[in-house]
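A structural walkthrough
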Amino acid sequence: MAITTPIDQAPATKERTAAAAGWAAVRDFARRRTLGAIGAAVVLVMLVVGVFAGVLAPYDPLAVDFGAMLTKPGAAHWLGTDAFGRDVLSRLIYGSRTALLVGFGAAVIGATLGAVLGVGSAYFGGRVDLYLQRLMDIFLSFPLIILALALVAILGNSIPNVIMAITIPMIPRAALVIRSSALTIREMPYVDAARAAGFGHARIILRHMLPNVVAPYLIMLTAFLSQAILAESSLSFLGLGVQEPTAAWGLMLRGAAVDFAEAAPWMALFPGFAISLAVFAFNLFGDSLRDALDPKLRTL
Amino acid sequence: MRHRRGWILSALVAMVFGLTTTGPVPAAAQEKPRSGGTLDFVVPSEPPSYDAHAEETFGVIHPIAPHYSLLVRVDPFDKTGTKPVGDLAESWTISKDGLVYTFKLRQGVKFHDGSEMTSKDVKASYDKIIFPPAGVKSLRKESYRSVEVVEAPDPYTVRFRLKYPESSLLLNLASPWNWIYKADLLAKDMHWYETHVMGTGPFIFVEHVKGSHWVGKKNPNYWDKGKPYLDGFRATFMSSSAAQVAAIRGERAQIQFRGFSPPERDQLVSALGNKITVQESPWDCLNFVSMHHEKKPFDDKRVRRALSLALDRYEASQKLSKITIVKDVSGIQVPGTPYATPPAELEKLAGYGRDINANRAEAKRLLREAGVPDGFSFTFKNRGIPHPYEPIAIWLVDQWRQIGLNVKIETIEASAYHPMLKRGDFEVAMDFQCGFIVEPDLDLVRFVTMSDANYGRHKDKVIDELYQKQARAVDVEDRKKLVRALEKRLLDEEAHVIWTLQWHRIIPHSARVKGWTITPSHYLNNQLDTVWLTE
Amino acid sequence: MWKYLLKRFLLMFPTLVGVAVVTFLLIRVIPGDVVELRLAGDRGAASQAAIDAERVRFGLDQPVWKQFATWIAGVARLDFGTSMWTGSPIWDEIKLRFALSLQVAIMATLVAVTLAVPLGLLAALRQDTWIDYAVRIFSIAGLACPSFWLGILMILTFLIVFKWLPPMVYTPFWVNPWQNLQQLIWPALAVGYRYSAVATRMTRSAMLEVLREDYVRTARAKGLVQRLILVRHALKNAMLPVLTVIALEFAFLIGGLVVTEQVFNLNGIGLLFVQAVAHRDYTLIQALVMLVAGIFIFVNFAMDVMYAWLDPRIRYR
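**Notes on the overall build of chain B**
A tally of helices and strands in chain B yields 16 helices and 19 strands. Against the globule reference of 24 Å for 535 residues, chain B gives a C-alpha radius of gyration of 24 Å, in line with a compact fold. Dimensions of chain B, computed from the C-alpha atoms along their principal axes, are close to 70 × 55 × 55 Å. Evaluated residue by residue, chain B yields a buried proportion of 62% over its 535 residues. Considering only residue pairs separated by 6 or more positions, chain B has 72% of its internal contacts joining residues 24 or more positions apart. Accessible surface computed for chain B: about 19,600 Å², of which carbon and sulfur atoms make up 53%. The positive charge centre, built from 72 side chains, and the negative charge centre, built from 66, are 2 Å apart in chain B.

**Remarks on the nonpolar core**
Core analysis: the biggest nonpolar cluster contains 244 residues, and Trp249 of chain A together with Trp400 of chain B have the highest contact counts within it. For Trp400 of chain B, the residues in contact, after removing those within four places along its chain, are Val289, Leu307, Ala310, Leu311, Phe378, Phe380, Leu405, Val407 and Val428 of chain B. Counting 69 residues, the second-largest nonpolar core is a separate cluster that includes Phe41, Val74, Trp177 and Trp516 of chain B.

**Quick word on the sheet that holds strand 8 (residues 157–162) of chain B**
Residues and elements named next belong to chain B. One open sheet accounts for four strands, arranged 5-6-8-7; its pairing is antiparallel. Lying at the two open borders of the sheet, with one neighbouring strand each, are strand 5 (89–94) and strand 7 (147–154). Sheet twist, expressed as the average angle between the axes of neighbouring strands with direction ignored, equals 20 degrees. In the sheet, strand 5 pairs with strand 6 (residues 100–105) via five bridges, with the strands oriented antiparallel. In the sheet register, Ile94 faces strand 6, and the bridge partner there is Tyr101. The strands touched by helix 3 (residues 119–130) are strand 6, strand 7 and strand 8; relative to strand 7, the strand with the most contacts, the crossing angle is about 165 degrees.

**Quick notes on the sheet that holds strand 10 (residues 213–218) of chain B**
All names here are of chain B. Sheet architecture is open: five strands sit in the order 9-10-11-2-12, paired in mixed fashion. Two strands bound the open sheet, and with one partner strand each, they are strand 9 (203–209) and strand 12 (255–256). Across two bridges, the pairing between strand 2 (residues 38–43) and strand 12 is parallel. Among the inter-strand pairings, Phe41 is bridged to a residue of strand 12, identified as Ile255.

**As for the layout of surface pockets**
All names here are of chain B. As a volume, the largest pocket reaches approximately 1,400 Å³. For the largest pocket, the lining is made up of 45 residues, of which Leu139, Lys141, Glu142, Ser143 and Arg145 are closest to its centre. Taken together, the residues of the lining of the largest pocket sort by class into 20 nonpolar, 10 polar and 15 charged.

**What about unusual backbone geometry?**
All names here are of chain B. In this structure, Pro228 follows Lys227 across a cis peptide bond, with omega equal to 0 degrees. Within the secondary structure, Pro228 sits in the loop between strand 10 and strand 11 (232–237). Following Lys296, the chain continues into Pro297 via a peptide bond in cis, with omega recorded as -10 degrees. A positive phi angle, close to 55 degrees, is found at Arg457, a residue other than glycine.

**Considering the state of the cysteines**
All names here are of chain B. By the definition in use, this model includes one disulfide over all chains. Two residues share a disulfide in this structure: Cys285 and Cys434, whose sulfurs sit 1.5 Å from each other. Residues Cys285 and Cys434 are joined by a disulfide whose S-S torsion is about 85 degrees; by sign, that bridge is right-handed. Of this pair, Cys285 sits in strand 13 (residues 276–291) while Cys434 is found in strand 16 (residues 428–434), placing the two residues 149 residues apart along the sequence. By the burial criterion, Cys285 is buried, and Cys434 matches it.

**What to know about the interface of chain B and chain A**
The partner chain A presents 21 residues to the 21 residues of chain B that form the contact. Summed over both partners, the interface of chain B with chain A buries about 1,900 Å², with 60% contributed by carbon and sulfur atoms. Put simply, Arg401 of chain B and Asp60 of chain A hold a salt bridge, and the shortest N to O gap is 3.9 Å. Put simply, chain B and chain A have two residue pairs in polar contact (both at pLDDT 80 or more) between them. The set of elements that each furnish at least two residues to the side of chain B that touches chain A consists of helix 7 (262–272), helix 9 (313–323), helix 12 (389–401) and strand 15 (405–412) of chain B.

Rules used in this analysis
Residues numbered from 1 in each chain as written. Chains lettered and ligands numbered in written order. Predicted model: local features only at pLDDT ≥ 70, side-chain atom pairs only at ≥ 80, totals over all residues. Heavy atoms only, no water. Helix = DSSP H or I, 4+ residues; strand = E, 2+ residues; numbered from the N terminus. Rg over C-alpha atoms; globule rule 2.2 N^0.38 Å. Buried < 20%, exposed > 50% of the residue type's maximum accessible area, 1.4 Å probe, protein only. Contact = heavy atoms within 4.5 Å. Areas by Shrake-Rupley, 256 points an atom, 1.4 Å probe, with all protein chains shown as cover. Lys, Arg positive; Asp, Glu negative; His and termini not counted. Charge placed at Lys NZ, Arg CZ, Asp CG, Glu CD. Core = buried A, V, L, I, M, F, W, Y, C linked by side-chain atoms within 4.5 Å. Pairing = 2+ DSSP bridges. Axes fitted to C-alpha atoms, helices over the stretch in contact; angles between N-to-C directions. 1 Å grid on protein atoms, 1.4 Å probe; cavity = no way out; pocket = protein on both sides within 12 Å on 5 of 7 lines; lining within 4 Å. Points joined across faces, edges and corners; volume = space filled by probe spheres on them. Nonpolar A, V, L, I, M, F, W, Y, C, P; charged D, E, K, R; others polar. Disulfide = S-S within 2.5 Å. Buried area = accessible area lost by both parts, 1.4 Å probe. Salt bridge = Lys/Arg side-chain N within 4 Å of Asp/Glu carboxyl O. Polar contact = N/O pair within 3.5 Å; in protein donor to acceptor, adjacent residues only side chain to side chain.

That is the geometry; function is a separate question.
Now the structure itself:
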């Protein structure tokens, strides 16, 4: 008789349960935090649109068509055309790719590097803290636009350079906020106790500090995501971001869009709406995610 | 016969096309000027210093020119901006051999501090411009190389002696930058005028608040009795053009002397209706494409010609003029001015023909011959300025796509642009040609081989010779022929550069402003002595 | 505590020097040259001889370290030199613009704090109710609109709907307060609304954290009145990250409102910065960065004082 022991069965059951638990968590999230779920859904749609832009866009976003300059939204062009006869919808779709690239790139790199520096600074304290703080202070003193101006003037206008220009000012901001959160943990008695007990740095950081900075980190991240998209549009508005003829939301808001704001409002309305929607979605999602992941709440 | 009708028609079209004004013609005869009122205008940029001899930006001219007089100036009622009339000079004679220019000065003209203006002031000012002492900047002295000496034989006579005859000298002397300063002040300190204002002009300096505004008030002792009509003026510095439009729309300012884009004009017209007068003119500014003659394949003139043939200039003129500040299809002189080539002749140049399909077929053939493969890719460097650089670049890339070229635009920040051109760090790049007075000598000097501004590094003795000849030509018709030959060589035979479209100057201003006539240059006609306001 | 504060005070100076060095080097790496730009002007071309002569006048032909030494010696005397573009003393260039930017920053911060703290508190106390949702949507809406777009919309609304335009020329507050406020209230509102968004969410988040703390639960268990708990225990600790955010943003407002200033035609530090960079006016750029950095570093120091006062737990060597 082959009796299957619970141990043999255990792995299979564990997997199934994990998957089921995962789905349950998602459904639960959607039900309990509707706003956040909506935000997440919008972000997902944007991601899909950005990835499959080539398939979804009805026209080539760079195709100039002088015969169709400034046409109203209609059958041929659902969202109208811009001053060069380029289809607004197609440019919007390709623009989401640029926005997500710049947004995610800058935000993730900025927030993560900042968090690493902030936690390290808080945990090690002393001289490490001192020097890192000074370094962060120095870069914090440069307003985002000025640093971007300088970087773009030196490096040029490509997308990686724009991402770098937006990321660099974000790192110290993230570091500062994460550090202040991490500091409150640092002073807690259980950290000293853990050190006394001989636990290594890494373990203490990972087990005690990180879980408590996750919440501000996620908030920073979603704030940065939207800030990066907004920063890109501001930089493009000033002529320092992505350049023509690339399709990018911020770029679509510049120049002709402002000139024609009354005569052809669709040129600026839709990219502006797209930016606002993206920012909204990221923030709603981030908020709800934070609420869901709050370690203290989990015990309730 | 058909040819002749075509010529007349073309001439008419050129006149209408080039120099349209909507609204009442501001001729002195039509309405009687009214005295009084303050002119409020906006200026997009602020003057770095107050000395026009040492500056090169319109931010100096717009607020400060009303305080000064010139020896001769451009007729403020002439739309082409090419007719010299006397300002401080009452009359002048030119010797038969063209080497001596003698000016009779007006008497009793006073500086704003009460002292009288005499020939020594004119001489001192021109000595500063043409023969600046060490440590003193004079940005335009190169264009006065023909002048040997400036003399002041008696208090009301000034004489210029030339080394060789030069037909452009009179117009060159009417340069808006040649303000007449006071000799005594220059003798004490050559740099005094960089930070102070003291002239003989129609307005007296009141105040300059940095970053904010400039105020001038009427000069009661101006030599032209009865003028200026205005009690004063106020120039507000506003860098954002949206803010400038809002200011005019909100009736806080009456005019901006540089120019607005077509949609901005349309906005103002639809918002203010007949409270707005629009004056338009071709602008003495143009974007052209510069190709590096030492980089393959642009060292081959077939490739350069092909790039010009690919452009449908006439379609662009129609379409781009709706969205940005370009309009006329032009040659090397502003349409409507004395040396401009008539449109019918222009059509004979490469890229100016009406049959675009034939042109593009020819372009493709030339590229094949030159060994340029289909889908060939190169980078086009553009200057980071929205009007009209961006739209023209987008148009160019699209046109070149139609002959099988795959062009990438790289935008360089505006202030880093000229270092890039000077270094020769480009294959194909956008350049611009802007003048303050329409004169072949001034507009064409940069295409001479040894010119500092010859960024494409072309070497062409024929152009050098033609330039010299036309500068020395005394007969107007001879000169026209030489200028045309230069144009043909530059744009057609060698296609050293590719002309795009002439900029188009659009000034929508309050209908209350009278007595100001638009010219192709935004440096001209800014003394404001002829300007008046209705009720 | 005093030793700690003294240390923080002294640390301001190396930071300032660090900023000075980075700026000095950074702007000299950017291609383009003030002399050339000035001589070329609108024409875009100038003779090399003239350029070289002028560069000597500005000392730009000296080696970089020497230029730095000369400049920093001046700074130590509080002499920031003259603008390379206009030749006027730096303070003349800056003073009016600084007054304007400072005023807008203060007004915007007031707007932001007035909105953020009560709304954040409310949202935290009533978490997951419709009040919470409404506050979150309201504050996020402030973030979502690109700042320049909001400005353009505002101006267009004034013109089209109200047929009125706010004053476009700056009058200092002490000259004509009414006209001054008429001009500056609108950008202050636009900017303040945007900055309240981040502060609101930080307040809400920080309050939520603190409300779960053990000592709050203990206080509640002890039966103290809810309000007292809030004010004395929770608020004090919640304010730390919130203060960080508000202070950071205030310092940022001084030089960072470039786009807003363009749209509302405010002649402020942000616009001056952009012009200075476009002109490659090294002395002005350096002075402006020192100004903005100085403000930021000082605000940081003020925050440290606050930290020390509000949370005695935070002491570091």
